[in-house]
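Remarks on the overall topology
Residue-level listing of the chains:
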Amino acid sequence: DAGVTQSPTHLIKTRGQQVTLRCSPISGHKSVSWYQQVLGQGPQFIFQYYEKEERGRGNFPDRFSARQFPNYSSELNVNALLLGDSALYLCASSLGAGGLTDTQYFGPGTRLTVL
Amino acid sequence: AQSVTQLDSQVPVFEEAPVELRCNYSSSVSVYLFWYVQYPNQGLQLLLKYLSGSTLVKGINGFEAEFNKSQTSFHLRKPSVHISDTAEYFCAVIGPYGGATNKLIFGTGTLLAVQP
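Residues numbered from 1 in each chain as written. Chains lettered and ligands numbered in written order. Predicted model: local features only at pLDDT ≥ 70, side-chain atom pairs only at ≥ 80, totals over all residues. Heavy atoms only, no water.

Quick word on the interface of chain B and chain A
Often, the extent of an interface is quoted as the loss of accessible area upon association of its parts. Each partner contributes residues to the interface: chain B has 22 residues there, and chain A has 26 residues. Summed over both sides, the interface of chain B with chain A buries roughly 1800 Å², with 54% coming from carbon and sulfur. Applying the counting criterion to the chain B and chain A interface returns 0 salt bridges. Counting across the chain B and chain A interface gives 4 residue pairs in polar contact (both at pLDDT 80 or more). If you list the elements that add at least two residues to the side of chain B that touches chain A, you get strand S5 (33–38), strand S6 (44–50), strand S10 (87–94) and strand S11 (104–106) of chain B. Among the elements that line the side of chain B that touches chain A, the one with the most residues is S6(B), at 3 residues. Counted by class, the side of chain B that touches chain A contains 11 nonpolar, 9 polar and 2 charged residues. (Contact = heavy atoms within 4.5 Å. Buried area = accessible area lost by both parts, 1.4 Å probe. Salt bridge = Lys/Arg side-chain N within 4 Å of Asp/Glu carboxyl O. Polar contact = N/O pair within 3.5 Å; in protein donor to acceptor, adjacent residues only side chain to side chain. Helix = DSSP H or I, 4+ residues; strand = E, 2+ residues; numbered from the N terminus. Nonpolar A, V, L, I, M, F, W, Y, C, P; charged D, E, K, R; others polar.)

Things to note about the state of the cysteines
When the sulfur atoms of two cysteines share a covalent bond, that bond is a disulfide. All names here are of chain A. Scanning all chains against the criterion turns up 2 disulfides over all chains. With a sulfur-sulfur separation of 1.8 Å, Cys-23 is cross-linked through a disulfide to Cys-91. Across the S-S bond of Cys-23 and Cys-91 the torsion is about -65°, and the bridge reads as left-handed. In this pair, Cys-23 sits in strand S3 (residues 19–24) while Cys-91 sits in strand S9 (residues 87–94), placing the two residues 68 residues apart along the sequence. We note that Cys-23, like Cys-91, is buried. (Disulfide = S-S within 2.5 Å. Buried < 20%, exposed > 50% of the residue type's maximum accessible area, 1.4 Å probe, protein only.)

This is the structure:
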C-alpha cells in the first residue's frame, strides 16, 4: 500500500506570495495533520482535520489555513509568505481522530523556501 | 502544559557501540510518549511508543525505551548501533487535547552520528 504522499517535493516562493501544499493520506485513513519543521527544530503542530472538520489548531497565524476533501486528501494554504515560513511541511495521517493507539504516519514532506 | 526536552543535540558513537538518547518530559497528567526517527530527506517514522503497561518498550530496528515516572524520563537505547542508524531522533508526547486530537509535541531532536 502507498504511504502518505505529499506534493510538491520542493517549492521556492518569494515574500508576499501564496502557496498551496497537498497531502494524500494512506488509504482508509480519515485524519490528516499538518506540522511545520523549521531547520534544526522539532515539528510544530499546525492543524488536524478529521472527516473534513478541523479538530485542532496550533499556535499559527491566520495566514495559515487548511481543508480536507471528501476523499480525505488535504491542502495547506499559506498566504502572505514571510521568510520565517521557510521550513519542511509534514503531513501525517491516521485512522481516527485522536485515539491514543491511533498511530500517525508521516509523509516525506514539502520543503518550502521563501526568498 | 506538556513538553519534552532532549538534552543532547548530537550524539557521536562508533559502530557496534551502545547508545542512549535522552528525553525528559514535563506533564501534570498522564503521558503518552513516542520516539520517531527521521532519516536524511525523509519524513518521520515511528520507532516505538509508550501508552501504558510495561515500562520497557521495544521498537523497530532493535531500539527500546524505558518509561521512568519518578525521573520523568523516556530514554531511547540500542545495544549495538550500525552506520545505517545515523539519523535525527525525536521524542514526542501527545498534546493536551487528550482524546480529542492526536496532536504531537516534539522535542528539538538528537542527531545520532554513527562513525565506522
